[in-house]
Amino acid sequence: MTWRATVLTLFPDMFPGPLGFSLAGRGLATGLWSLEARDIRDAATDRHRSVDDTPAGGGPGMVLRADVLARAIDAVPDLEGRPRLVMSPRGRPLTQARVAELAAGPGPVIVCGRFEGIDQRVIDARQLEEVSIGDYVLSGGEIAALTLIDACVRLLPGVMGKLESSTDESFSAGLLEYPQYTRPQLFEGLPIPEILLSGDHAKVAAWRRAEAEQLTQTRRPDLLAASRHPVCQKPPKNATDG
Ligand code: SAH
């Protein structure tokens, strides 16, 4: 069974969108992974096919209805045994470690919120794992879902050119990646660091390691702290087996 992502959205036409291009797009076209975007509105039952209503307790905007969303989730034919996610700014921030776990599994079912969000009862009743892609608010979960899927897909076997490309990069060892250079050798008077042209692989590796540590220390000391306590990056137990 190939890795698959199922997205529940009010805007299925947004998929595959950017995932139809480059390496992810080629992988999708050649069957290395698959994607299904399902319209939440298909689960509406009233004459107007309504999916949302005003917030209980008052306030601005609209909230996605629990009953409609629950029906949309329950209608996913291969729901069993797959992680059930809902994109949400209140969720646990997505990490490369969680991405790697999701890429190693069968592939998630992802609910995209819109408007003011979704009725809490469907999150509870269907045990949805809330996932955030950062501390800012988007207008909908679709771009967040595309982000998550993209991060997973590039880890799938055969999608990226070389296996090394994904083992050596930012976050995989709790470090940001070292700086990269390519031709020309001289750009606006700036040379490529000499050691990278030395052909001495051990020296290059040591230089890169030192640069990565320096960069991480300066920009993201929190990553260094987290890599000393890797258990902190794991989601709660009940979130992974859903
Ligand atoms: N009123 C909500 C925000 C709703 S934004 C609040 O203050 O928490 C509408 C939808 O966009 C959300 O339901 C969610 O699916 C998506 N979304 C917005 N920001 C996001 C983020 N940082 N990460 C993941 N999803 C996000």
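Residues numbered from 1 in each chain as written. Predicted model: local features only at pLDDT ≥ 70, side-chain atom pairs only at ≥ 80, totals over all residues. Heavy atoms only, no water.

Novice: Which residues make up the sheet that holds strand E1 (residues 3–9), and what are the values?
Specialist: Picture the strands of a sheet paired through backbone hydrogen bonds; they go either parallel or antiparallel. Ordered by their spatial adjacency, 5 strands build an open sheet running E2-E1-E6-E5-E7, and the pairing between neighbours is parallel. Strand pairing shows two members of the sheet lacking a second neighbour, strand E2 (33–39) and strand E7 (129–132), which therefore form its edges. Ignoring which end each strand starts from, the neighbouring axes of this sheet average 35° apart. Pairing between E1 and E2: 7 bridges, direction parallel. Note on E2: the bridge partner recorded for tryptophan 3 is tryptophan 33. (Pairing = 2+ DSSP bridges. Helix = DSSP H or I, 4+ residues; strand = E, 2+ residues; numbered from the N terminus. Axes fitted to C-alpha atoms, helices over the stretch in contact; angles between N-to-C directions.)

Novice: Got a sec to walk through the pattern of salt bridges? Specific residues and values, please.
Specialist: Taken as a whole, this structure holds 14 salt bridges when the rule is applied. A salt bridge links glutamate 142 to arginine 114, with the shortest nitrogen-to-oxygen separation between them at 2.9 Å. Of the two residues, glutamate 142 sits in helix H5 (residues 142–153) while arginine 114 sits in the loop between strand E6 (109–111) and helix H4 (120–125), which places them 28 residues apart along the sequence. In this structure arginine 114 comes out as buried when scored by relative accessible area, which is 15%. The network of salt bridges with shared partners includes Arg4, Asp78 and Arg82. (Salt bridge = Lys/Arg side-chain N within 4 Å of Asp/Glu carboxyl O. Buried < 20%, exposed > 50% of the residue type's maximum accessible area, 1.4 Å probe, protein only.)

Novice: So what about the packing of helix H7 (residues 201–219) against helix H8 (residues 221–228)? Which residues, and what values?
Specialist: In a packed pair of helices, the relevant descriptors are the angle between the two axes and the axis-to-axis distance. Look at H7 against H8: their axes get within 5 Å of each other, and the N-to-C directions meet at 110°. Classified by the angle their axes make, H7 and H8 are roughly perpendicular. For the pair H7 and H8, contact is made by Thr216, Gln217, Thr218 and Arg219 and by Pro221, Leu223 and Leu224, respectively. Residue classes in the contact of H7 with H8 are distributed as 3 nonpolar, 3 polar and 1 charged. (Parallel < 35°, antiparallel > 145°, perpendicular 65-115°, else oblique. Contact = heavy atoms within 4.5 Å. Nonpolar A, V, L, I, M, F, W, Y, C, P; charged D, E, K, R; others polar.)

Novice: How would you explain the site of the ligand if you had to name every residue and give the values?
Specialist: Around the ligand, the surrounding shell holds 20 residues, and the nearest of these are Met87, Gly113, Glu116, Tyr136 and Leu138. At 2.6 Å, a backbone N or O of methionine 87 approaches an oxygen atom of the ligand. One of the backbone nitrogen or oxygen atoms of isoleucine 133 is found 3.1 Å away from a nitrogen atom of the ligand. Calculation on the ligand without its partners gives an accessible area of 560 Å², and the protein chains cover 85% of this total. At a threshold of 2 Å from the grid points, most atoms of the ligand map onto the second largest pocket. At the level of secondary structure, the elements contributing two or more residues to the shell around the ligand comprise strand E5 (84–93) and E7. For the shell around the ligand, the element with the highest residue contribution is E5, accounting for 4 residues. Partitioning the shell around the ligand into residue classes produces 9 nonpolar, 8 polar and 3 charged. (Near = heavy atom within 4 Å. Polar contact = N/O pair within 3.5 Å; in protein donor to acceptor, adjacent residues only side chain to side chain. Areas by Shrake-Rupley, 256 points an atom, 1.4 Å probe, with all protein chains shown as cover. 1 Å grid on protein atoms, 1.4 Å probe; cavity = no way out; pocket = protein on both sides within 12 Å on 5 of 7 lines; lining within 4 Å. Sits in = over half its atoms within 2 Å of the grid points.)

Novice: Let's hear about the layout of surface pockets: which residues, and what values?
Specialist: Considering only enclosed or pocket space, the second largest pocket measures out at about 490 Å³ in volume. Looking at the second largest pocket, it is lined by 27 residues, and the ones nearest its centre are Met87, Ser88, Pro89, Glu116 and Gly117. When residues of the lining of the second largest pocket are assigned to their parent elements, the largest contribution, 5 residues, is made by E5. A breakdown of the residues in the lining of the second largest pocket according to their chemical character gives 13 nonpolar, 9 polar and 5 charged. (Points joined across faces, edges and corners; volume = space filled by probe spheres on them.)

Novice: I'd like to hear about helix H2 (residues 66–74), residue by residue, with values.
Specialist: For H2, every residue scored as buried is listed here: Ala66, Val68, Leu69, Ala70, Ala72 and Ile73. In this fold, the buried residues of H2 make contact with E1, strand E4 (63–64), E5, E6 and H4.

Novice: Let's hear about the side chain of arginine 4: which residues, and what values?
Specialist: With respect to the helices and strands, arginine 4 occurs in strand E1. Within the structure, arginine 4 has its side chain in polar contact with the side chain of aspartate 78 (distance 2.6 Å). Each residue touching arginine 4, except ones within four places of it in the same chain, is listed here: Ser34, Asp78, Arg82, Pro106, Gly107 and Pro108.

Novice: Tell me about the pairing of E1, and name the residues and values.
Specialist: Along any regular strand, the residues point their side chains to alternate faces of the sheet. Across the 7 residues that make up E1, a large majority, 7, are buried. Burial of E1 is two-sided: the residues Trp3, Ala5, Val7 and Thr9 facing one way and the residues Arg4, Thr6 and Leu8 facing the other way are all buried. For the crossover from E1 across helix H1 (residues 22–29) to E2, the handedness is right-handed. (Right-handed = clockwise from strand over helix to strand, strands pointing away.)

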